[in-house]
Amino acid sequence: MPVRHVLLAMAVAVMWGLNFIAIDASLQHFPPMFLVALRFALIAVPTMLLVKRPDVPLRWLIGYGLGFGTLQFLFLYWGMATGMPAGLASLVLQASGPFTMLLGATFLRERVTGPQMLGILVAVGGLAVVGWQRAEHASVIPFLLTLAGALGWAIGNICNRQARAANPLHLTLWMSVVPPLPMLALALTVEGPSRIVDSLTGFDQPGAVGAVVGLAYTVVIGTILGSGLWTWLMSRHPAGVVAPFSMLVPITGMTAAWLILGETVTLPEVLGGFLVVGGVLLGSLRRRSKTLGDTAIPQLTPPVEVKTTAQSG
């Protein structure tokens, strides 16, 4: 890739890493389930008005929206609202890579090579270390919720791949049409109308302005700009060349959380993080060599928050 394209790929990783800081700010004011509905509604409305619906089977569009949009962010936001640090959340979501490989092998009969299986085992070992440290020093529930979000992302990846959209960005934008209604119904049931109304009217409360700025960042920078640039890069370079830059997301997320939020991690969590990132990279080796000359979105890559390739965080 030309140097300017490398810099763009690195910029997207930074945008997506900072997205976890923005989510953390939004959760200081908005209830998590309603925040997911609000986030995707802000994208869904202009998408339905301005963007042509992709010509893909409806079941895969809905599946992508339920997996990547609804389940991933329901559990991610829920986990962060109950105590999952933003930096560690950006790391644990990388479990979507091994989850995607396992789901592909189980449901699509895709062959898993020795290096890929080794990568899965290494990444799982890293996650086990992080989970053990969470259980030792804090509640393990937020970790498990975030891990469930990574599984939702993987389900979305499988549906995304099966959709085989000619324009992946349009598919990602239309995916945003799926989450708002089920998430709003869930928010009304679990969080209650009064809490939702308070979040929409109490903008004089501490943290409200930061929450709105965080929401705007998530929608405009994390999803639309970041995902748009990522899709543009994917359309011009082999997927195996672009995909590894997504591994910079947890590095950016954890560094930003340390600098901005003052989050700290234990040495075992750092070592577990290296194992997760290393395992995901090892598991993508075959995919990288196989996709030389291929411009399709790879199965192991995070989109932004979109994966937009969305997300994400």
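Residues numbered from 1 in each chain as written. Predicted model: local features only at pLDDT ≥ 70, side-chain atom pairs only at ≥ 80, totals over all residues. Heavy atoms only, no water.

Quick question: what am I supposed to make of the side chain of D24 here?
Tracing the chain through its elements places D24 in helix α1 (residues 3-26). Among buried charged residues, D24 stands out as having no salt bridge; its nearest opposite-charge side chain is R134, 11 Å away. Look past the residues within four positions of D24 in its chain and what remains in contact with it is M80, A86 and L261. (Helix = DSSP H or I, 4+ residues; strand = E, 2+ residues; numbered from the N terminus. Buried < 20%, exposed > 50% of the residue type's maximum accessible area, 1.4 Å probe, protein only. Lys, Arg positive; Asp, Glu negative; His and termini not counted. Salt bridge = Lys/Arg side-chain N within 4 Å of Asp/Glu carboxyl O. Contact = heavy atoms within 4.5 Å.)

Honestly, the nonpolar core in this entry has me stumped. Any pointers?
Nonpolar side chains in soluble globular proteins generally cluster together in the buried interior. In this structure, F20, L76, Y77 and M80 are the most contacted members of the largest nonpolar core, which totals 68 residues. Excluding residues within four positions of it along the chain, M80 makes contact with F20, I23, D24, L27, A86 and A89. (Core = buried A, V, L, I, M, F, W, Y, C linked by side-chain atoms within 4.5 Å.)

When you look at the packing of aromatic side chains in this model, what are you seeing that I'm missing?
The final tally for this structure, using the stated rule, is seven aromatic pairs. Summarising the aromatic geometry, the rings of F68 and F73 are spaced 5.8 Å apart at their centres and angled 85° between planes, so their arrangement reads as edge-to-face. Given a relative accessible area of 0%, F73 falls into the buried group. Ring geometry for F68 and W153: centres 6.0 Å apart, planes at 80°, overall edge-to-face. With a gap of 85 residues between them, F68 in helix α3 (residues 58-81) and W153 in helix α7 (residues 141-163) connect regions that are remote in the sequence. The same class applies to F68 as to W153, namely buried. The structure contains a cluster of three or more aromatic residues connected by ring pairs, namely F40, Y64, F68, F73, Y77 and W153. Directly above the aromatic system of F73 lies the positively charged group of R39, at a separation of 4.1 Å from the ring centroid. (Phe/Tyr/Trp six-rings, centres within 6.5 Å; stacked < 30°, edge-to-face > 60°. Lys NZ or Arg CZ within 6 Å of the ring centre and 35° of its normal.)

Can you help me understand the confidence of the model for the protein in this one?
Reading fine detail from the predicted coordinates is not recommended where pLDDT is low. Residues of the protein with pLDDT of at least 70 account for 90%, and the chain-wide mean is 86. The secondary structure element of the protein with the lowest average pLDDT is helix α15 (residues 285-290), at 48, and the one with the highest is helix α9 (residues 180-190), at 97. Contacts for the low-pLDDT stretch residues 287-310, under 50 throughout, to residues beyond four places or in other chains number 109 contacts. (pLDDT = per-residue confidence, 0-100.)

Just to check I follow, could you spell out the pattern of salt bridges for this structure?
If the charged atoms of two oppositely charged side chains come close together, the side chains can form a pair. Following the criterion strictly, the structure yields two salt bridges and no others. Two residues, R161 and E110, come together in a salt bridge whose shortest N-O distance is 2.6 Å. Here the residue R161 occupies a position in helix α7, and E110 occupies one in the loop between α5 (96-107) and α6 (114-137), the gap between them amounting to 51 residues. On the basis of relative accessibility, which here comes to 23%, the residue E110 falls in the partly exposed class. For E269, the salt bridge is made with R134, and the minimal N-O distance between the two is 3.0 Å. Highlighted residues: E269 in helix α14 (residues 267-283) and R134 in helix α6, separated in sequence by 135 residues. Taken as a pair, E269 and R134 share a single burial class, namely buried.

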